[in-house]
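Now for the letters of each chain:
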Amino acid sequence: MNDINLNLSRKWRARLFDQIIGQDLTVRILKNNLYVGNYFPVYLFWGQHGSGKTSTARVFAAATNCDRLKVFRKDPKELSVPCLKCASCCAMLEGKHPDFIEMDAASHTGVDNVRQIIDAASLMPLLGRKKIYLIDEAHMLSKAAFNAFLKILEEPPSSVFFILATTDPEKIIDTVKSRCFQLFFKPIDYKPLFNYLIDICKVEKIPYEQEALSVIIKETDGSVRDALNLLEQVRFAVGSVSKSGVVQVLGHIDDDMLIKLFEIILCSGTTQLLPFLEKLSIRTFSAEHIWHRLILLIRSVIWLKHDLEPQQYHNHRAHLRTVIQKVSLKQLTKLLERFYKQEPLFLKTTDKHLFLEILLLQVCQHRNDTTNNSNTSSAAPLPPPIQQVDDEDEEDDEYIDEDEEEEDDEEDDIDEFKSSSRLIKGGVSCVLWNDFLGHIERLDNPLLSSIFKQGIFSHFDSAASRVTVSFLKEFIFFNEWLDNSCSLWHPLLQKMFGKSVVFNPLFTLEGQAGNGQFQQEDTAQISSATMNVSRKENSKSNTLTSVPVEKRFSMQTQFNGRNRTHTKRKLFNVSDVQQWQKANLLLRYFPGMVSEFK
């Protein structure tokens, strides 16, 4: 057996109590059991994988049947068990001990397997003092198998005891756990595991860097087996255990690059973020790992803001303190909250790298919102508000209802509408924009229609031929999609505002999509302007119909030749999240307006 080349995790499996690292309390309890000679009918070893449960059970079983146990009880400080020299210990090392039965519960889950154990337990041990059954992954046993086990677990033969090992004690039924002597195997602490890996590297003559071993311990979360397996992977991949080699094998981003990315997010803009992501080749790293590491980094700097020392990033604390001087604690808390709110969508999306990139761009752009808003207000002031229609004149407002004509007449109506001298400049543009929304709705594209309807028409710069529309900040995700679908809606925009028109979207609004608050004010303005046009064309029509103006309704004017129709839709204010929970959940993923159709 010694001639076989085993992997490190099997070769360095503990054979003595002194070789079990990080479980001092458990080892002391088991040694006292051996010293006193008082054994419990059932032991339950539980803890995370790689913490030493199976190895400890084997060592304890070997010590129980060791020939030197009586000598150990006389002088426990000078002698230790197992001795690894007697016939019983040698049989344990070779895996051929007749009184030690190890069963994998993951592949023996049924009642029949348990009955075989019950029948065999009545037989006397052949080589040692005790017959010991180790049931690994005990939580995989079925409920019927556990129930069949109850009686023998409570009162086993005097020559038998059981050891149950599991990583999930919650799946073991309470009636079984109440019969067990439970021992918890905690994750291995940093220092003992670090020294253990150094000893192995020295004995195996593996070149190593201490920083690389620290990264291995951090990534394996206190699991000795995982740490040894990762150490061996790096050894075979690059020849020596270096920090760069560990990061390369894991596919993870280096701490220095992650902190640089975090600094750009906090202190710089998109002009620096995009080149950095390109240089970093972010798609070569695990998106889930970057997401998790960014959350841990934000948490660490929040600790530093409170003058506490986080467990992570020992070598970068001074630099992080310098970085976070430029931001407030409130900004860091909001950033962490943003990541947690987007995490459900991040886990569901198919392209996690793209989602992460868009989120980082959104965070960077949020810093420049104040500057952008000030530049927008100075360069492109909003038009003066249109005078509202008085309640006394509402009943006198009329609109023309004629038969439909060919689309060639539509352009004539629009030109005539533009040249109307009775409307103020803002009113013409608002009505043209509302007419554009009507054409968008006819495309039978619900997403495109919903996006444009959520926008607030700002103004039309006739000199630059530019239409400016404001959207919610959350709609920045749809900016690229609007560019890709430009061939659908831009010809309609040209028909309304001219062939050389340029669309200028601004994603600067605060608020919640879908509550109808953004549309009410502009709707009243559009309604007023539309009624003025109706008065202008009264001389051309013989059929007049009165339409009252209601602030609770959205009036959409659609031009189709000389036929002008009005569609009324009652908008609901769903800003109260407690009252409209389902509506707000839908609007979170499908932006739009909540209205009633009859």
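Structure first, text after, so check above.
Residues numbered from 1 in each chain as written. Predicted model: local features only at pLDDT ≥ 70, side-chain atom pairs only at ≥ 80, totals over all residues. Heavy atoms only, no water.

A.B. asks: Quick rundown of the sheet that holds strand β4 (residues 160–166)? Include the residues and the values.
C.D. replies: Within a beta sheet, neighbouring strands are joined by backbone hydrogen bonds and run either parallel or antiparallel to one another. Sheet architecture is open: five strands sit in the order β2-β3-β4-β1-β5, paired in parallel fashion. The two strands at the open ends of the sheet, each matched to only one other strand, are β2 (100–104) and β5 (181–185). Strand-to-strand twist across the sheet, computed as the mean angle between neighbouring axes with direction ignored, equals 15 degrees. Where strand β1 (residues 42–47) lies against β5, five bridges are found, and the strand directions are parallel. When the sheet's bridge partners are listed, Y43 is paired in β5 with F181. Contacting β2, β3 (131–136) and β4, helix α6 (residues 111–121) crosses the sheet at an angle of about 165 degrees to β3. (Pairing = 2+ DSSP bridges. Helix = DSSP H or I, 4+ residues; strand = E, 2+ residues; numbered from the N terminus. Axes fitted to C-alpha atoms, helices over the stretch in contact; angles between N-to-C directions. Contact = heavy atoms within 4.5 Å.)

A.B. asks: Can you explain the sheet that holds strand β8 (residues 466–472)? Please cite residues and give values.
C.D. replies: Judged by pairing direction, the sheet is mixed, and its three strands sit side by side in the order β7-β8-β9 without closing on themselves. The outermost strands of the open sheet, each flanked by one partner alone, are β7 (456–461) and β9 (502–509). With strand direction ignored, the average angle separating the axes of adjacent strands in the sheet is 25 degrees. Bridge analysis of β8 against β9 gives seven bridges, and the strand direction is parallel. The residue of β9 that forms the bridge with F471 is F507.

A.B. asks: Residues and numbers for the packing of helix α10 (residues 210–220) against helix α12 (residues 243–250), please.
C.D. replies: α12 packs onto α10 with a crossing angle of 30 degrees between their chain directions and a minimal axis gap of 7 Å. In terms of orientation, α10 lies roughly parallel with respect to α12. Together, E211, A212, V215, I216 and E219 of α10 and K243, V246 and L250 of α12 make up the contact between the two elements. For the contact of α10 with α12, the class distribution of residues is five nonpolar, no polar and three charged. (Parallel < 35°, antiparallel > 145°, perpendicular 65-115°, else oblique. Nonpolar A, V, L, I, M, F, W, Y, C, P; charged D, E, K, R; others polar.)

A.B. asks: Just give me the short version of the state of the cysteines, but keep the residues and values in it.
C.D. replies: Under the criterion given, the structure shown has zero disulfides. Distance from the sulfur of C364, which forms no disulfide, to the nearest cysteine sulfur (C267) is 10.0 Å. (Disulfide = S-S within 2.5 Å.)

A.B. asks: Please set out the packing of aromatic side chains residue by residue, giving values where relevant.
C.D. replies: Tallied over the full model, the rule gives 31 aromatic pairs. With a centroid separation of 5.4 Å and an interplanar angle of 70 degrees, the aromatic rings of Y43 and F60 are classed as edge-to-face. Here Y43, found in strand β1, pairs with F60, found in helix α3 (residues 53–64); they are 17 residues apart in sequence, far enough to count as distant. Overall, the relative accessible area of 0% leaves Y43 in the buried class. According to the relative accessible area criterion, F60 is buried, its value standing at 0%. Look at W291 and F355: their rings are 6.3 Å apart centre to centre, the planes differ by 45 degrees, and that puts the pair in the tilted class. Of this pair, W291 sits in helix α15 (residues 287–305) while F355 sits in helix α18 (residues 352–367), and the two are 64 residues apart along the sequence. (Phe/Tyr/Trp six-rings, centres within 6.5 Å; stacked < 30°, edge-to-face > 60°. Buried < 20%, exposed > 50% of the residue type's maximum accessible area, 1.4 Å probe, protein only.)

A.B. asks: Would you mind going over unusual backbone geometry in detail, with residue names and values included?
C.D. replies: The linkage connecting V81 with the following residue, P82, adopts the cis geometry, with an omega of -5 degrees. Mapped onto the elements of the fold, P82 is located in the loop between α4 (69–74) and α5 (87–94). Phi at E137 takes a positive value of approximately 50 degrees, unusual for a residue other than glycine. Looking at where E137 falls in the secondary structure, it is placed in the loop between β3 and α7 (143–154). Overall, E137 belongs to the partly exposed group, its relative accessible area being 25%. Positioned with a positive phi, D221 is a non-glycine residue whose angle comes to about 55 degrees. On the basis of relative accessible area, D221 is assigned to the exposed category, the value being 54%.

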